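Chain residues, written in single-letter form:
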Amino acid sequence: MGENNIEAAPGQYVSRGNKATRTGFGEALLEIGRENPSVVALCADLTGSLNMNHFRDEFPDRFIETGIAEANMVSMAAGLATTGKIPFAASFAVFATGRVFDQIRQSVCYSNLNVKICASHAGLTLGEDGATHQILEDVGIMRGLPGMTVVVPADYSETKRAARAIAAYEGPVYFRFGRPSIPDFSLDSDGFEIGRSIELHAGKDVTVIACGIMVWKALEAARILEKEGVGVRVINMHTIKPIDTLAIVRAAHDTGAIVTAEEHQVYNGLGDAVAGVCARNIPVPIEMVAVDDRFGESGKPDDLLAKYKLTTEDILEKIYLALRRKE
Amino acid sequence: MAQDQKRYPAEKKGELLQLATLDDLKVMARQVRRDIVRMLALANSGHTGGSLGMADIFTALYFRVLNHRPHDFGDHHGQDLLYLSNGHIAPVWYSVLARSGYFPIAELATLRQINSYLQGHPTCESGLPGVRIASGSLGQGLSVAVGAAKGMKMDECDGRVFCLMGDGECQEGQIWEAAMSAAHFGLGNLIGIVDFNNQQIDGEVSGVMGIEPFADKWKSFGWDVYHCDGNDIEDFIATIGKIKAAGSSDRPSVVLAVTVMGKGVPFFEGTMPDNTNWHGKPPSKEDAAKALEILSETPYGDF
């Protein structure tokens, strides 16, 4: 970490190349495991896909392969937590949420146990496997649970910082990341505090609030509009719950219009969370870049993002719409 | 956790009690049954049948079998751990927890009332001593116990992990995921106890969704299987003794404990003439009064 060879201009984030967030997860898990002997990891037959083989090989006694039995894995993690362990229970996001909602609700959240649900391959960018595996409802499912913290990091480096913060935090966490290699741009100096968003780009005409893979695209949109004289504030809302209310209210106050961007259904995700804060505090025009109440399909990640309207151009379009509504 | 949840006050401890003889245990089991009937009648809701049926096993566990420290509940080192998977029989658990000193018996009067620590199904939300995890939605507890047994092994703790389940509950698929994993992980420190009363809400287990051949299922999943009369304290204690004596280091054990739902109050026992049972019904005031005549008072006194 911290070896950013490419000089970034002040206030400007540049890509150091593409890396997968799941890679960041696997590397961070190993580092955290070295530092804290209470950390244990569980995986349901996807160890390589989640890059957990490093942890498994170095700490075979603290790694539990549960086989294809996610309900057992999550409840086991809760049982481990009752003996003082810090379990990171991991699978694909589709199996780590909907399939085990009841286990997470009762044995993890209601029981307020220190279990980290780690969910990879979220969203459309899982790609060719298609809609059965492309969960776009997980953030909504998890954010509805009392006591649950929901974290969606923007890139490889932030995934590593987020993993550390999650390990240090005591309580249930839903940690969502993905399969594809995406621009790695965030900086160690950004820090990572659960519940505190990060302003990546200043602007006073409109704010884009994004999470996950959409953060880099939001930055791209802001730079394009900068040349046209439109000031776009970009906020990396890496924690969906508890949401950073203050940052949202400030953005609404300062810029008067908000666009949200997420790789998730338009219902119940980041967009609805932001809209709820605005409706309760400071109503402003809000546009949402998200999947419009449909299931995904097989395809290459970038083709899917284009078809389902999750590109930089789609963010630009919603920004123009928000600006028009603001007038 | 609900943000306004009141925490159980750590200083509020129950009175420690140890019982010396088998007769003491039998009298205590009667007191536990009195507690159950009185709690449920006060609450006018709750699960009568399974609670009464398991009174003997719970009494034996907390006053003879378990190595436990009611006033030092939080530390899992050097203790046995118990998980109740079929959370609806919480009344019998609350009674023995209070009677063995986890919290004052006066708490028992609050079952199912608003702001009570004694929720309709058990929860650790308030930090109530004795309860390590919430249960109620069935099928999760054995997995939890598997995780705890793994945790105990990682810490090289020599305590055992007990998991209580219902027989109807074993219709849940997750029980068998857990059973498979317990054997795979070689959890000789795990003891399952199934309340084998052949009753569930909709009727007899054998009629609703048969689970036989039950013992063979556990055996084929890699468990050592023991049978006992779950309403005979002596037989139950002897059965746990056999498990400990066998000393199997890498095979989990399960006790199929045959009990009678509603045991101790004849008009709550087993299947009623109309094919219903007392799984989920509380006794009326009149029923409670009649039951308490049968379950005569004990030296331990009512809450």
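Calculation criteria
- Residues numbered from 1 in each chain as written.
- Chains lettered and ligands numbered in written order.
- Predicted model: local features only at pLDDT ≥ 70, side-chain atom pairs only at ≥ 80, totals over all residues.
- Heavy atoms only, no water.
- Pairing = 2+ DSSP bridges.
- Helix = DSSP H or I, 4+ residues; strand = E, 2+ residues; numbered from the N terminus.
- Axes fitted to C-alpha atoms, helices over the stretch in contact; angles between N-to-C directions.
- Contact = heavy atoms within 4.5 Å.
- Buried area = accessible area lost by both parts, 1.4 Å probe.
- Salt bridge = Lys/Arg side-chain N within 4 Å of Asp/Glu carboxyl O.
- Polar contact = N/O pair within 3.5 Å; in protein donor to acceptor, adjacent residues only side chain to side chain.
- Core = buried A, V, L, I, M, F, W, Y, C linked by side-chain atoms within 4.5 Å.
- Buried < 20%, exposed > 50% of the residue type's maximum accessible area, 1.4 Å probe, protein only.
- Domains from an automatic or database assignment.
- UniProt positions renumbered as here; feature names shortened; annotations may be inferred.
- Right-handed = clockwise from strand over helix to strand, strands pointing away.
- Expected span 1.5 Å × (residues − 1).
- Phe/Tyr/Trp six-rings, centres within 6.5 Å; stacked < 30°, edge-to-face > 60°.

Digging into the sheet that holds strand 3 (residues 190-196) of chain B
Residue and element names in this part refer to chain B.
Turning to step 1, where the next piece is worked out: Here five strands make up an open sheet; going across it, the order is 1-2-3-7-6 and the pairing parallel. Strand pairing shows two members of the sheet lacking a second neighbour, strand 1 (81-84) and strand 6 (224-229), which therefore form its edges. Between one strand axis and the next, the sheet turns through 20 degrees on average, direction left out of account.
Turning to step 2, where the next piece is worked out: Judged from the six bridges that link them, strand 6 and strand 7 (residues 253-258) form a sheet pairing that is parallel. Each residue of the ladder has a partner; that of Val225, found in strand 7, is Val254.
Turning to step 3, where the next piece is worked out: Helix-sheet contacts for helix 9 (residues 233-246) involve strand 2 (161-166), strand 3, strand 6 and strand 7, and the interaxial angle to strand 6 is about 160 degrees.

Description of the interface of chain A and chain B
Turning to step 1, where the next piece is worked out: Opposite the 28 residues of chain A that make contact, chain B presents 30 residues.
Turning to step 2, where the next piece is worked out: Taking both partners together, chain A and chain B bury about 2200 Å²; carbon and sulfur atoms supply 54% of that area.
Turning to step 3, where the next piece is worked out: Scanning the region where chain A abuts chain B turns up one salt bridge.
Turning to step 4, where the next piece is worked out: A salt bridge links Lys85 of chain A to Asp155 of chain B; the shortest N-O distance between them is 2.4 Å.
Turning to step 5, where the next piece is worked out: Our enumeration of links across chain A and chain B arrives at 16 residue pairs in polar contact (both at pLDDT 80 or more).

Some points on the sheet that holds strand 3 (residues 63-65) of chain A
Strand pairing in a sheet is mediated by backbone hydrogen bonds. Such pairs are either parallel or antiparallel.
Residue and element names in this part refer to chain A.
Turning to step 1, where the next piece is worked out: Read across the open sheet, the seven strands follow the order 3-2-4-5-7-6-12; overall the sheet is mixed. Looking at which strands have only one partner, the edges of the open sheet turn out to be strand 3 and strand 12 (239-241). Here the strands of the sheet are splayed against their neighbours by 20 degrees on average, with no regard to which way each runs.
Turning to step 2, where the next piece is worked out: Relative to strand 3, strand 2 (residues 39-43) runs parallel, the two sharing three bridges. Its bridge partner being in strand 3, Leu42 is matched across the sheet by Ile64.
Turning to step 3, where the next piece is worked out: Contacting strand 2, strand 4 (86-92), strand 5 (116-120) and strand 7 (173-176), helix 1 (residues 21-35) runs over the sheet at an angle of about 145 degrees to strand 2.

Things to note about the nonpolar core
Turning to step 1, where the next piece is worked out: Membership of the largest hydrophobic core comes to 116 residues, with the highest contact counts inside it found for Phe25 and Ile104 of chain A together with Leu142, Leu190 and Trp218 of chain B.
Turning to step 2, where the next piece is worked out: At eight residues, the largest contribution of residues to this core is made by helix 3 (residues 70-82) of chain A.
Turning to step 3, where the next piece is worked out: Shared between two domains, this core takes at least three residues from each, and those domains are domain 1 (18-183) and domain 2 (195-326) of chain A.
Turning to step 4, where the next piece is worked out: Every residue in contact with Trp218 of chain B, bar those within four places of it in the chain, is listed here: Leu142, Met165, Cys170, Ile175, Trp176, Ala179, Val194, Trp223, Val225, Val254 and Leu256 of chain B.

Notes on the environment of Met214 of chain A
Turning to step 1, where the next piece is worked out: Summarising the element assignment, Met214 of chain A is placed in helix 8 (residues 214-227).
Turning to step 2, where the next piece is worked out: Once residues lying within four places of it in the same chain are set aside, the contact partners of Met214 of chain A are Ala261, Glu262, Glu263, Val289, Leu310, Thr311 and Ile315 of chain A.

A look at the UniProt feature "domain: Transketolase-like pyrimidine-binding" (unreviewed entry) in chain A
Turning to step 1, where the next piece is worked out: The UniProt record annotates "domain: Transketolase-like pyrimidine-binding" (unreviewed entry) at residues 19-184 of chain A.
Turning to step 2, where the next piece is worked out: As annotated, residues 19-184 of chain A has a helix share of 40% and a strand share of 19%, and its two end C-alpha atoms lie 6 Å apart.

Observations regarding the pairing of strand 7 of chain A
Residues and elements named next belong to chain A.
Turning to step 1, where the next piece is worked out: Burial along strand 7 is two-sided: the residues Val173 and Phe175 and Tyr174 and Arg176 are all buried.
Turning to step 2, where the next piece is worked out: The pairing of strand 5 with strand 7 spans four bridges and is classified as parallel. What sits directly across from Ile117, in strand 7, is Tyr174.
Turning to step 3, where the next piece is worked out: In terms of strand pairing, strand 6 (residues 149-151) meets strand 7 through three bridges, oriented parallel. Following the sheet pairing, Val150 is matched in strand 7 by Tyr174.
Turning to step 4, where the next piece is worked out: One crossover worth recording links strand 6 to the parallel strand 7 by way of helix 7 (residues 156-168), and it is right-handed.

What about the domain arrangement of chain A?
For an interface, size is often stated in terms of accessible area lost upon the parts coming together.
All names here are of chain A.
Turning to step 1, where the next piece is worked out: On domain assignment, one finds that chain A holds domain 1 (18-183) and domain 2 (195-326).
Turning to step 2, where the next piece is worked out: Of note, the centres of domain 1 and domain 2, computed from C-alpha atoms alone, are 25 Å apart.
Turning to step 3, where the next piece is worked out: Of the residues lining the interface, 30 residues belong to domain 1; the matching set on domain 2 comes to 32 residues.
Turning to step 4, where the next piece is worked out: Across the interface of domain 1 and domain 2, roughly 2400 Å² is buried in total on both sides, 59% from carbon and sulfur atoms.

Here we look at helix 1 of chain A
Turning to step 1, where the next piece is worked out: An ideal rise of 1.5 Å per residue puts 21 Å on 15 residues; helix 1 of chain A measures up with 21 Å between its terminal C-alpha atoms.
Turning to step 2, where the next piece is worked out: Among the residues of helix 1 of chain A, those classed as buried are Thr21, Gly24, Phe25, Gly26, Ala28, Leu29, Leu30, Ile32 and Gly33 of chain A.

Comments concerning the packing of aromatic side chains
Turning to step 1, where the next piece is worked out: The full count for this structure, using the stated rule, is 18 aromatic pairs over all chains.
Turning to step 2, where the next piece is worked out: Ring geometry for Phe185 of chain A against Trp216 of chain A: centres 5.1 Å apart, planes inclined by 40 degrees, an arrangement best described as tilted. With Phe185 of chain A in the loop between strand 8 (181-183) and strand 9 (198-201) and Trp216 of chain A in helix 8, this residue pair connects regions lying 31 residues apart in the sequence. The same class applies to Phe185 of chain A and to Trp216 of chain A, which are both buried.
Turning to step 3, where the next piece is worked out: With a centroid separation of 4.8 Å and an interplanar angle of 65 degrees, the aromatic rings of Phe267 of chain B and Phe268 of chain B are classed as edge-to-face.
Turning to step 4, where the next piece is worked out: On the accessibility criterion, Phe267 of chain B (29% relative accessible area) is partly exposed.
Turning to step 5, where the next piece is worked out: Put simply, the rings of Trp176, Phe196, Phe214, Trp218, Phe221 and Trp223 of chain B touch in pairs and so form one group of aromatic residues.

Considering the pairing of strand 7 of chain B
Residue and element names in this part refer to chain B.
Turning to step 1, where the next piece is worked out: A large share of strand 7 lies buried, amounting to five of its six residues.
Turning to step 2, where the next piece is worked out: As paired strands, strand 3 and strand 7 are joined by six bridges and run parallel to one another. By the bridge assignment, Phe196 is partnered in strand 7 with Val258.

Topic: the side chain of Thr255 of chain A
Turning to step 1, where the next piece is worked out: Along the chain, Thr255 of chain A turns up in helix 9 (residues 245-255).
Turning to step 2, where the next piece is worked out: A polar contact of 2.8 Å, which involves the side chain of Thr255 of chain A, links it to the side chain of Thr207 of chain A.

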